[in-house]
Each structure stands twice: as structure tokens, then as C-alpha cells.
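# Summary of the model geometry
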Amino acid sequence: FTLSIVANLACTFFGTSLSELIGTEYSSLAIYSFVYGFFGAIISLLISKPMAKFATGAVVIDGTEGPAERWLHSEVEALSNRAGIRMPEVAIYRGSANAFATGAFKNSALVAVSDQIMEQMSKDELRAVLAHEISHVANGDMVTLTLVQGVLNSFVIFFSHIIARILSSNGNSDSRRSGGAAYTLLVLLLQVVLGIFASLIVFWFSRRREYAADAGSARLLYSPSPMISALRRLSNLQPGVLPDSLKAMGIVEGKKTSIWSTHPAIEDRIAALQNMDTSNML
């Protein structure tokens, strides 16, 4: 949506319009939508690590800072080796109980935990949280979520222009160009409306990722018990609120869930772990 506003302002400055650049052929519109839809999502992914550090004030550690930091660093290293990925950067930030993982590549990721989750959890519980975040990285969840977002962005852009053409000019390109300002505003409005519906799909997919990361934690630790214990602990804590851009990457979003949530309810996650097949974990 932000890119659309910038592009429309730039086109106005140079005396043209996006509708004229797109042309009347659906194939041109589809190519434009695909490129435009993925551009913002991919840029967000590529800058996710520095932006996450900036947004949370996370400080990367190397284990020499003290006993707690040394333990944290060594646990991430051990879990990364077990998961078959290169060790991510490890960071600590000030805030309520939460943790997150991010990064454009599974072998160049970032795992960060809050100082309060380190204080309020036992080592077994915190190890389960770290295994959950390492599973996100090993599963390539950040990249997959970006691809889903890019596809949905493309559909939103494509159909917003199609619907705007129908509503503004019954498909007549000359009428559309003559009412350029009204057409542009209609496209932006439709992008907002369709974007809301698209976000529901992103939230649904994000909730499925959390179940998979919980299961990944259980497999890395050869038992679902530590992750169950960690989730129960989180249900009794005030969860830390992450910036909007990082909510989907956190260990927990809140104690309840809805169609607008990036995470399932904690009790649903515990139930899924309790129903796991543990016969092949040892």
C-alpha cells in the first residue's frame, strides 16, 4: 500500500499514471502485480535482521558477557547443530517474556530472547523456547511466510485494478484515464479492503507454522514435555508485546486467539503437543 502511494506520486510528478504504464492487457497487469507484490515482501525479508535489532534494541552476544549469556549461546549452538543449520546470531533485548527468530536465510538468522524470559523460565523451559525458534529457522518459515505474503500482495494488486476498471469505466480504458485521480483513489481503497482479507490467510498460515515449530522443538529435545512446560509457564506470565513486524516471529502473541492472531491459543498448542506421536523421537 505504501509503495502504491509512492509510485502514484512519482507517476504524477512525471506526468503519467500507473494505469497508463500498465496498459490494457491483463498479461501486463499480471506481470506488474507480480513484480510489485513481491518487491515489498522481499525487501522486508532482506532487512529483517537489522530492523528487528533496531525495533527491539536487541544486543548480539558471543557468550563472554557472563554465565547466563554463555549458557544461552552454547544452547543455541547445540540446537543449531542438531537441526543441521549454521548457528544464528544470538541476542538479548529488554522486555517482557518473549523470544523471536528472523532472517532472510536459514544459515544467517537471528534468535533473540528477552531478559525477562531468561529470568522467569527454568533452563529446560528456555531450552524448549530456543528449540522452537531454531525450528522456525530450520523450517525456513521466514522465507515461506514472505512467499505467501508476496503471492497475496500480487493478487491484491491485480484484482484491485481489475475491479477498479469495472467500477470506474466498465472496462473502458479512455474513461479510466480521464478520471485518473478517482481511479487511483479507488485502487488504493480496494487494496486496503482486499489486503484485509488477504491478511486473514497470512494469519492462518502463521498459526500453522507455530504448531510445526512446537513439534520441531519436541523433536530436537526428544520429548514434547519441555515445550509443554514452557507454554504453561508462558500462560502464567504477561507476554511481551513485540513490534507489529515481529509478532508472527515471537514465541507467543497472547493468551487467546482469533482469526486476526498470528499464534494459536496456548491451550491448543499444548493439546497438539500432548497428541504428538512420540514413538520415533528417541
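See the structure shown above.
What counts, and at which threshold
- Residues numbered from 1 in each chain as written.
- Predicted model: local features only at pLDDT ≥ 70, side-chain atom pairs only at ≥ 80, totals over all residues.
- Heavy atoms only, no water.
- Helix = DSSP H or I, 4+ residues; strand = E, 2+ residues; numbered from the N terminus.
- Polar contact = N/O pair within 3.5 Å; in protein donor to acceptor, adjacent residues only side chain to side chain.
- Contact = heavy atoms within 4.5 Å.
- Buried < 20%, exposed > 50% of the residue type's maximum accessible area, 1.4 Å probe, protein only.
- Pairing = 2+ DSSP bridges.
- Core = buried A, V, L, I, M, F, W, Y, C linked by side-chain atoms within 4.5 Å.

Let us now look at the side chain of Ser160. Locating Ser160 in the fold gives a position in helix α8 (residues 141-169). Of the polar contacts made by the side chain of Ser160, one reaches the backbone oxygen of Ile157; its length is 2.8 Å. Apart from residues lying up to four places away in sequence, Ser160 is in contact with Val187, Leu190, Gln191 and Leu194.

This next bit is on the pairing of strand β2 (residues 89-93). Most of β2 is tucked away, with 4 of its 5 residues classed as buried. Looking at chain direction, strand β1 (residues 59-61) and β2 are connected through 3 bridges and run antiparallel. Residue Val59 lies in a different strand from β2, and its bridge partner there is Ile92. For β2 and strand β4 (residues 108-114), the ladder comprises 5 bridges, and the chain directions are parallel. Paired with Glu89 across the strands is Leu110, a residue of β4.

Core analysis: the largest hydrophobic core is formed by 60 residues, its most contacted members being Leu72, Phe100, Ile117 and Leu234. Residue contributions to this core peak at 7 residues, all from helix α7 (residues 123-138). Those residues within four positions of Ile117 in sequence are excluded, and the remaining contacts are Ala97, Asn98, Leu126, Val129, Leu234 and Ile251.

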